[in-house]
Amino acid sequence: MKKLVLIRHGESILNKTNSFGGWLDVDLSTKGVQEAQHAALLLQQNHHNFDVVHTSILKRSIKSANVMLETMNSLWVTQQSSWRLNERHYGILQGMNKKEASIKYGEEQIKQWRRSFSQKPPQSLDGNSESLEDVTIRVRPYWEDSIAKDINQNKQVLVVGHSNSLRALLCIIKKLSEQQLLELNIPTATPLVIQFNDRLQYQDEFYLGNQEQIKQKIKQVANQGSLKSNK
Ligand SMILES: O=C(O)[C@H](O)COP(=O)(O)O
């Protein structure tokens, strides 16, 4: 049985204000640092140790990895950073509060931009915006050439990614349908253990931690664009 642990970075200062981050290189909030510490302790208690950690090149991912490795007393572990694991570029939505975006563009449109496979928000001034499909295309070579390669070499691998680079990875690993992707929401700093057979085919997955709290956290992520959101 082969294994991979995926985790989204801890709460960022833009997550804290319920705003789209995308490629904006924002820091962790104080709560985000604590979340990363808590996740590391959970991993330790459940006997997960790592040989390599893959991160994006955004500081909320790298800092979460650093905090986790420091908490696990494992700062020697190799870290590899790639732009391919970055959050999706969120176009004109970057920096905008998610509820205000729903007021401006409509709640259903924001859900489609956040969770559909092929829709993307209008481009930002620098001419960028990515759909989940675009992210899947850039994540796939990194999965094949780096992450899957490490797992096949029997390394213990941790990926510290983002909401949508992890959705893209799960789409590749689990061959998810567009309907399944629409309902896939990833909570911050919650370790997801994926199990594979020896041919690296997906078998099973489970989150570490209090399952009721995790369900609530997932629901909160899903509802971030809701007009009923309190942020
Ligand atoms: O960078 C962002 O905007 C968030 O981390 C991810 O946002 P989402 O969960 O709304 O896609």
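Just so you know, these numbers come straight off a predicted model, no measurement behind them.

Another point: the sheet that holds strand E4 (residues 157–161). Taken in spatial order, the 6 strands line up as E3-E2-E4-E1-E5-E6 in an open sheet, and their pairing is mixed. Strands with a single pairing partner mark the edges of an open sheet, and in this sheet they are strand E3 (78–81) and strand E6 (202–207). Strand-to-strand twist across the sheet, computed as the mean angle between neighbouring axes with direction ignored, equals 20°. Relative to E6, strand E5 (residues 192–196) runs antiparallel, the two being bridged by 5 bridges. Following the sheet pairing, Ile-194 is matched in E6 by Glu-205.

Let's shift gears to the side chain of Lys-3. Among the structural elements, Lys-3 can be located in strand E1 (residues 2–8). We note that Lys-3 is buried and unpaired, the nearest opposite charge coming from Asp-51 at a distance of 8.5 Å. Here His-48 takes part through its side chain, which lies 2.9 Å from a polar atom of the side chain of Lys-3. A polar side-chain atom of Lys-3 sits 3.1 Å from a polar atom in the side chain of Gln-156.

On to the packing of helix H2 (residues 30–45) against helix H3 (residues 59–71). The contact between H2 and H3 brings their axes to 8 Å, and the two run at 45°. With respect to H3, the axis of H2 lies oblique. In this structure, H2 meets H3 at a crossing whose hand is right-handed. Only Ser-64, Val-67, Met-68 and Thr-71 of H3 make contact with H2, whose side of the interface consists of Val-33, Ala-36, Gln-37, Ala-39, Ala-40, Leu-41, Leu-43 and Gln-44. Of the residues in the contact of H2 with H3, the class split is 8 nonpolar, 4 polar and no charged.

Among the residues of helix H5 (residues 107–115), Ile-110, Gln-112, Trp-113, Arg-114 and Arg-115 are the ones counted as buried. Residues of H5 that are buried in the fold lie against helix H4 (98–105), helix H7 (163–174), helix H8 (178–182) and helix H9 (211–222).

Turning our eyes to something else, we now look at the site of the ligand. The environment of the ligand is formed by 13 residues, the closest being Gly-21, Gly-22, Tyr-90, Arg-114 and Arg-115. Within the side chain of Arg-8, a nitrogen or oxygen atom sits 3.1 Å from an oxygen atom of the ligand. Contact distances for the ligand include 2.6 Å between an oxygen atom and a side-chain N or O atom of Tyr-90. Surface burial for the ligand is 99%, taken as the share of its 310 Å² of free accessible area covered by protein chains. Residue assignment for the shell around the ligand shows that the elements contributing at least two residues are H5 and H7. Its residues assigned to classes, the shell around the ligand comprises 2 nonpolar, 5 polar and 6 charged.

Attention shifts here to the UniProt feature "active site" (unreviewed entry) in the protein chain. When the UniProt feature table is mapped onto this chain, "active site" (unreviewed entry) is found at His-9 and Glu-87. Look at the named residues: they lie 79 residues apart in sequence, but the longest C-alpha span between them is just 10.5 Å, so in the fold they bunch up. Mapped onto the elements of the fold, His-9 is located in the loop between E1 and helix H1 (13–16). Judged by its relative accessible area of 2%, His-9 falls in the buried class. Setting aside its immediate chain neighbours within four residues, His-9 contacts Asn-15, Arg-60, Ser-61, Ser-64, Val-160, Gly-161, His-162, Thr-188 and Ala-189. For Glu-87, a relative accessible area of 6% corresponds to the buried category. Residue contacts for Glu-87: discarding those within four places in its chain leaves Gly-22, Trp-23, Leu-58, Arg-60, Glu-130, Arg-138, His-162, Ser-163, Asn-164 and Ser-165.

This part covers the pattern of salt bridges. All chains considered together, the criterion is met by 9 salt bridges. Here Asp-27 ties to Lys-63 by a salt bridge, and the two come within 3.0 Å at their closest N and O atoms. Within this pair, whereas Asp-27 is found in the loop between H1 and H2, its partner Lys-63 is found in helix H3, the two being separated by 36 residues in sequence. Asp-27 gets classed as partly exposed once you look at its relative accessible area, which sits at 27%.

Reading the values: the criteria
- Residues numbered from 1 in each chain as written.
- Predicted model: local features only at pLDDT ≥ 70, side-chain atom pairs only at ≥ 80, totals over all residues.
- Heavy atoms only, no water.
- Pairing = 2+ DSSP bridges.
- Helix = DSSP H or I, 4+ residues; strand = E, 2+ residues; numbered from the N terminus.
- Axes fitted to C-alpha atoms, helices over the stretch in contact; angles between N-to-C directions.
- Buried < 20%, exposed > 50% of the residue type's maximum accessible area, 1.4 Å probe, protein only.
- Lys, Arg positive; Asp, Glu negative; His and termini not counted.
- Salt bridge = Lys/Arg side-chain N within 4 Å of Asp/Glu carboxyl O.
- Polar contact = N/O pair within 3.5 Å; in protein donor to acceptor, adjacent residues only side chain to side chain.
- Parallel < 35°, antiparallel > 145°, perpendicular 65-115°, else oblique.
- Left-handed = near helix turned anticlockwise from the far one by under 90°.
- Contact = heavy atoms within 4.5 Å.
- Nonpolar A, V, L, I, M, F, W, Y, C, P; charged D, E, K, R; others polar.
- Near = heavy atom within 4 Å.
- Areas by Shrake-Rupley, 256 points an atom, 1.4 Å probe, with all protein chains shown as cover.
- UniProt positions renumbered as here; feature names shortened; annotations may be inferred.

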